[in-house]
Amino acid sequence: MKRKTMRRVVMESIREIIFGLEDSLVSTLGAVTGIAIGANNTYIVILSGLVLIAAESTSMAAGSYLSSKSAVAVEHVLHKKDGLRIDKHAQPVRAGMVMGVCYFVGGFVPLTPYFFLSIPLALVVSIPATAIVLFLVGVWSSQFTKRSAARSGFEMVFVSLSAALVGYVIARLVNFYFAL
């Protein structure tokens, strides 16, 4: 049996790595930005961010494990029925672990500034820091996809921050509506 290189292991887990990091960065940024603008309370922002990261990383890990396990089971049924060879690369436990760890780690990028800075300053640091990390994740992924590094990085930032903008808009609307 051939030993797998680290590059091969990363390539087999690229979906979970990218999905976990991107989703965590965007979800946490959207939530803590919205909560910071709406509540303007550091304790609430940090508490909410930590609860979000803990609950979501666990949920994403479980979802990745369960969906991978179901996909493997369906593949076995289809391949057996069609007489095809079964793919032995799928590893639901690894998929769940990679997803959970990447989600957990990524969530701290937008949250960390709130531990050390006032809310207005943390907002100014959190948003660009998250955008930079998203860009770097896109650039990093281009090593495996053979796409343009810049294009991959900018796509990651544009698509991801478009989603994060929703949290910001909702916070502004609620803040305006309730005139807090």
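Shown above is the structure to which this text applies.
Criteria and cut-off values
Residues numbered from 1 in each chain as written. Predicted model: local features only at pLDDT ≥ 70, side-chain atom pairs only at ≥ 80, totals over all residues. Heavy atoms only, no water. Helix = DSSP H or I, 4+ residues; strand = E, 2+ residues; numbered from the N terminus. Buried < 20%, exposed > 50% of the residue type's maximum accessible area, 1.4 Å probe, protein only. Contact = heavy atoms within 4.5 Å. Areas by Shrake-Rupley, 256 points an atom, 1.4 Å probe, with all protein chains shown as cover. Expected span 1.5 Å × (residues − 1). Core = buried A, V, L, I, M, F, W, Y, C linked by side-chain atoms within 4.5 Å. Patch = residues over 30% accessible without salt bridge, like charges linked within 9 Å, V, L, I, M, F, W, Y side chains within 5 Å. Salt bridge = Lys/Arg side-chain N within 4 Å of Asp/Glu carboxyl O. Polar contact = N/O pair within 3.5 Å; in protein donor to acceptor, adjacent residues only side chain to side chain.

**Student:** Explain the overall build of the chain here, please?
**Tutor:** Assigned secondary structure in the chain consists of seven helices and zero strands. If you list the helices and strands of the chain from N to C, you get α-α-α-α-α-α-α. Seen along its three principal axes, the alpha-carbon backbone of the chain occupies a region of about 65 × 30 × 25 Å. Counting over 180 residues, the chain shows a buried share of 37%. In the chain, 74% of the contacts between residues at least 6 apart in sequence involve partners at least 24 apart. Accessible surface computed for the chain: about 10,800 Å², of which carbon and sulfur atoms make up 71%.

**Student:** Explain unusual backbone geometry here, please?
**Tutor:** Negative phi is the rule for most residues except glycine; trans is the rule for most peptide bonds. Of note, asparagine 40 is a non-glycine position whose phi angle comes to about 50°, a positive value. Structurally, asparagine 40 can be placed in the loop between α2 (14-39) and α3 (42-82). Notably, lysine 146 is not glycine yet its phi reads approximately 65°, a positive angle. Tracing the sequence through the fold places lysine 146 in the loop between α6 (119-145) and α7 (149-178).

**Student:** What is the right way to read α6 from this model?
**Tutor:** With 27 residues, α6 should reach 39 Å at 1.5 Å per residue; the first-to-last C-alpha distance of 38 Å fits that figure. Downstream of α6 by one or two residues, lysine 146 has phi in the positive range, about 65°.

**Student:** Looking at this structure, how should I read the nonpolar core?
**Tutor:** Proteins that are soluble and globular tend to have nonpolar side chains buried together. Membership of the largest hydrophobic core comes to 16 residues, with the highest contact counts inside it found for Ile17, Leu21, Cys102, Leu134, Val137 and Met156. Among the elements of the structure, α2, α4 (92-111), α6 and α7 are those that each provide at least two residues to this core. The dominant element in this core, judged by the number of residues it contributes, is α2, at six residues. Formed by 12 residues, the second largest nonpolar core is a distinct cluster that contains Ile37, Val45, Ile46 and Ile53.

**Student:** I'm lost on a nonpolar patch on the surface in this one. Help?
**Tutor:** There is a patch of nonpolar side chains on the surface, built from Val166, Ile170, Val174, Tyr177 and Phe178 and spanning about 550 Å² of accessible area. If you trace the backbone, valine 166 turns up in helix α7.

**Student:** It is not clear to me how α3 should be interpreted in this structure. Could you clarify?
**Tutor:** One turn of an α-helix holds 3.6 residues; hence residues three or four places apart share an orientation. Spanning 41 residues, α3 covers 58 Å between terminal C-alpha atoms, matching the ideal 60 Å at 1.5 Å per step. Every buried residue of α3 is listed here: Val45, Ile46, Gly49, Ile53, Ser57, Met60, Ala61, Ser64, Ser68, Val72 and His79. Looking at where α3 begins, the residue whose side-chain oxygen comes 2.9 Å from the main-chain nitrogen of tyrosine 43 is asparagine 41.

**Student:** Just to check I follow, could you spell out the pattern of salt bridges for this structure?
**Tutor:** A side chain of one charge can pair with a side chain of the opposite charge if their charged atoms are brought near each other. Inspection of the entire model under this criterion finds one salt bridge. Its salt-bridge partner being arginine 147, residue glutamate 155 comes within 2.9 Å of it at the nearest N-O pair. For arginine 147, a relative accessible area of 37% translates into the label partly exposed.

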